[in-house]
Amino acid sequence: MDRYTKTGILCAGIAAPSADNSQPWRFEWRGDDLDLRIDASRSGHVSDTRYVLSDLAAGACLENMIIHAGSLGYAADLQPFPQPDDELWVARIRWRRDRERALPEPLAAAIEQRHTDRRFPWRGPITTATQARLDAQARLIPGQRLWWPQTARERNAARSVIRQAETLRFKSPTLHAELFSSIRFAAGWHTACEEGLAPMTLAVEPPLRPAFQAMRRPAVMSVLNRLGAASVLGWRSAWLPIRLSPGLCLLVIPSTARSDVLAGGRALQRVWLQATLDGLSVQPYAAAGVLSLGFVPVEPAFQQTLSRLGSALHDLCAPGYGLVFLRLGHAQSAPRDRSGRRAPGSFGALP
């Protein structure tokens, strides 16, 4: 592999999504082998104590690189978690030229186009053909599948689970602090940033921006929560957008093992890229799945809420564990505001 090819592979990986745009990846080349590691300085926080969010992001990063390399005629021999006692070493990929590879990689064209869209309402419907393509992409990663609510009861139950999880992010002081620490208010409402969440990407209506910014202070959030603010925010950020969108699905993984979460990230990225090719806007909701796994150390007062979340999600999608919901629909235009990325050199030694 030449330097240009290696750099292109890294840039494809860096374009992957990550929780709160944390970009928790480190790369190291050893000849034509590439090591992918979790960046300890950008992972392991409250919602990531078992590296669920980091493994999910690493899986998406891996799949982007595999897809991009495949479009250039390179195959990947993937070894996940090659050193069990090194919890930050996610994978080693050995690249090899595949002279017989003749199939194109359509998803490669969507890597740079893929984005999160928090606007609403969106149009529909999500056709059965589109749904079948998304299902097929998830199943290409062994053990992964999508669950789609089929009845009004299932749709209502799914919206309720997501709303409860999003509400908890504002009720729990621990989760509240984590959430607002990821928002780069210093960037203002009209400027992108290369890491974290720029306020302009959050789709907060202009009249509500001063109040939302004030909520980053725990004392303000505590007072507002006595007036029911967390419930209103859960309704506005989750229930209403999903109710006004034509599609909702849930990525289901077979177990909570790190290898399955990593595979879930790979499947998630394939589904998201296919949705992009099909002209769909996508917003992920990971809180319900991640919180329901039982790895997040929230305050004792909210443990019963977490238990109910886990039971409700299990009733919807068993067997397996629901990990990430995706809201889907057709937007009238592409969003102008997108999250940035750090410079490639900040992710480790360049090739």
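The structure this text deals with has already been given above.
Residues numbered from 1 in each chain as written. Predicted model: local features only at pLDDT ≥ 70, side-chain atom pairs only at ≥ 80, totals over all residues. Heavy atoms only, no water.

A. Inspection of the pattern of salt bridges at higher detail. Counting across every chain of the model gives 17 salt bridges. Where Asp39 meets Arg42, a salt bridge forms, and the shortest distance between an N and an O atom there is 2.7 Å. On the basis of relative accessible area, Asp39 is assigned to the buried category, the value being 8%. Judged by its relative accessible area of 23%, Arg42 falls in the partly exposed class. Of the charged contacts in the structure, one is a salt bridge between Arg119 and Asp117, with a shortest N-O distance of 2.9 Å. (Salt bridge = Lys/Arg side-chain N within 4 Å of Asp/Glu carboxyl O. Buried < 20%, exposed > 50% of the residue type's maximum accessible area, 1.4 Å probe, protein only.)

B. Molecular detail of the pairing of strand 6 (residues 247-253). Here strand 6 lies mainly inside the structure; seven of its seven residues are buried. Side chains Gly247, Cys249, Leu251 and Ile253 project from strand 6 onto one buried face, and the interleaved Leu248, Leu250 and Val252 project onto a second face that is buried too. Inspection of the sheet shows strand 5 (residues 145-147) paired to strand 6 by three bridges, in the antiparallel sense. Looking at strand 6, one finds that Trp147 is bridged to Leu250. Relative to strand 8 (residues 321-329), strand 6 is paired through seven bridges, and the arrangement is antiparallel. Across the sheet, Leu251 pairs through a bridge with Val324, a residue of strand 8. (Helix = DSSP H or I, 4+ residues; strand = E, 2+ residues; numbered from the N terminus. Pairing = 2+ DSSP bridges.)

C. Quick look at the sheet that holds strand 6. Taken in spatial order, the four strands make up an open sheet running 5-6-8-7, and their pairing is antiparallel. Strands at the two margins of the open sheet, each flanked by one partner only, are strand 5 and strand 7 (281-285). When the angles between neighbouring strand axes are averaged without regard to direction, this sheet yields 30 degrees. Against the sheet, helix 8 (residues 229-243) contacts strand 6, strand 7 and strand 8, and its axis sits at roughly 140 degrees relative to strand 7. Strands in contact with helix 9 (residues 258-277) are strand 5, strand 6, strand 7 and strand 8; relative to strand 6, the strand with the most contacts, it is inclined by about 155 degrees. (Axes fitted to C-alpha atoms, helices over the stretch in contact; angles between N-to-C directions. Contact = heavy atoms within 4.5 Å.)

D. Fine view of the nonpolar core. Membership of the largest hydrophobic core comes to 52 residues, with the highest contact counts inside it found for Leu291, Phe325 and Leu328. Ranked by residues supplied to this core, first place goes to helix 9 with seven residues. When neighbours within four sequence positions are excluded, Leu291 is seen to be in contact with Ala165, Leu168, Leu175, Val296, Leu306 and Leu309. (Core = buried A, V, L, I, M, F, W, Y, C linked by side-chain atoms within 4.5 Å.)

E. Inspection of the sheet that holds strand 1 (residues 25-30) at higher detail. With antiparallel pairing, the four strands of this open sheet are ordered in space as 1-2-4-3. Every other strand in the sheet has two partners, leaving strand 1 and strand 3 (74-80) as the edge strands with one partner each. Taking the axes of each pair of neighbouring strands and ignoring which way they run, one obtains an average angle of 25 degrees across the sheet.

F. Broad picture of unusual backbone geometry. Look at the link from Phe120 to Pro121: it is a cis peptide, with omega at 0 degrees. The residue Pro121 is located in the loop between strand 4 (89-97) and helix 3 (128-139) in this model. Here the bond from Gly124 into Pro125 is cis, since omega is 0 degrees, no more than 30 degrees from zero. Tracing the backbone through its elements, the reader meets Pro125 in the loop between strand 4 and helix 3. The phi angle at Phe81 is positive, at roughly 45 degrees, despite the residue not being glycine. Assignment of secondary structure puts Phe81 in the loop between strand 3 and strand 4. Its identity as a non-glycine residue notwithstanding, Ala203 has a phi of 60 degrees, on the positive side. With respect to the secondary-structure elements, Ala203 resides in the loop between helix 5 (173-181) and helix 6 (209-214). When its relative accessible area of 27% is taken as the criterion, Ala203 is described as partly exposed.

By themselves these figures say nothing about function.
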